[in-house]
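Notes for the structure review
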Amino acid sequence: MTGLYTAHATATNGRAGHVETDDGLLKFDLSVPKGMGGEGKPGATNPEQLFACGYAACFGGAMDFVAGQKKVKLSPASVTAAVTFNKDDTGFFLSVKLTIAAPGMDRAVLTELVHAAHGVCPYSKATAGNVTVDLVVA
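Brief notes about the sheet that holds strand β5 (residues 91–101)
An order of β4-β5-β6 is seen for the three strands of this open sheet, with the pairing classed as mixed. The open sheet has two free edges, formed respectively by β4 (78–88) and β6 (132–137), since each of these has just one partner strand. Neighbouring strand axes in the sheet, compared pairwise and without regard to direction, differ in orientation by 20 degrees on average. Of the strand pairs in this sheet, β4 and β5 are connected by eleven bridges, and their pairing is antiparallel. If you follow K87 over to β5, its bridge partner there is F92. Across the sheet, helix α2 (residues 107–120) lies against β5 and β6, angled at about 160 degrees from β6, the strand it touches most.

Next up, the structure:
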């Protein structure tokens, strides 16, 4: 295994604190969403939103990679990640719904690319067996 890149971020004071990357490019105040009993402070984000951003971008990159491998022209695609914070009798867990759209692209080809991308996307690999991920081709 060869590490190609390592990102560094530090969070202080948990879900109601602050998160920042080591290069200072990303700096966010955090707030517990109202739906989770928090104040939902305007202008603040939360871990689920940050995870959704990362997963959507990574999955889009995986689709670009797979399309290149298969020599398929990928229409401009969008990936929308909905990350849900859930609770059951055993505790808390996440679930994800990825909605992928590529207007003008053959649905069967897009569906094939989506499933292939799910097999190579690092976020998909990291969540495999731990997080339910629903793929929706729009």
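Concerning the pairing of strand β1 (residues 9–12)
Across four bridges, the pairing between β1 and strand β2 (residues 18–21) is antiparallel. Residue pairing for β2: A11 is matched across the bridge by V19.

Notes on the environment of V120
Along the chain, the position of V120 falls in helix α2. Considering only alpha carbons, one finds V120 and F59, 61 residues apart in sequence, at a separation of 8.8 Å. V120 has contacts with A62, F65, V66 and K125, leaving out every residue within four places of it along the chain.

As for the sheet that holds strand β3 (residues 27–29)
Strand order in the open sheet formed by three strands is β1-β2-β3, and the pairing between neighbours is antiparallel. The outermost strands of the open sheet, each flanked by one partner alone, are β1 and β3. Direction aside, neighbouring strands of the sheet carry axes that sit 10 degrees apart on average. Across three bridges, β2 lies against β3 in antiparallel orientation. By the bridge assignment, H18 is partnered in β3 with D29.

Thresholds, definitions, all that
Residues numbered from 1 in each chain as written. Predicted model: local features only at pLDDT ≥ 70, side-chain atom pairs only at ≥ 80, totals over all residues. Heavy atoms only, no water. Pairing = 2+ DSSP bridges. Helix = DSSP H or I, 4+ residues; strand = E, 2+ residues; numbered from the N terminus. Axes fitted to C-alpha atoms, helices over the stretch in contact; angles between N-to-C directions. Contact = heavy atoms within 4.5 Å.

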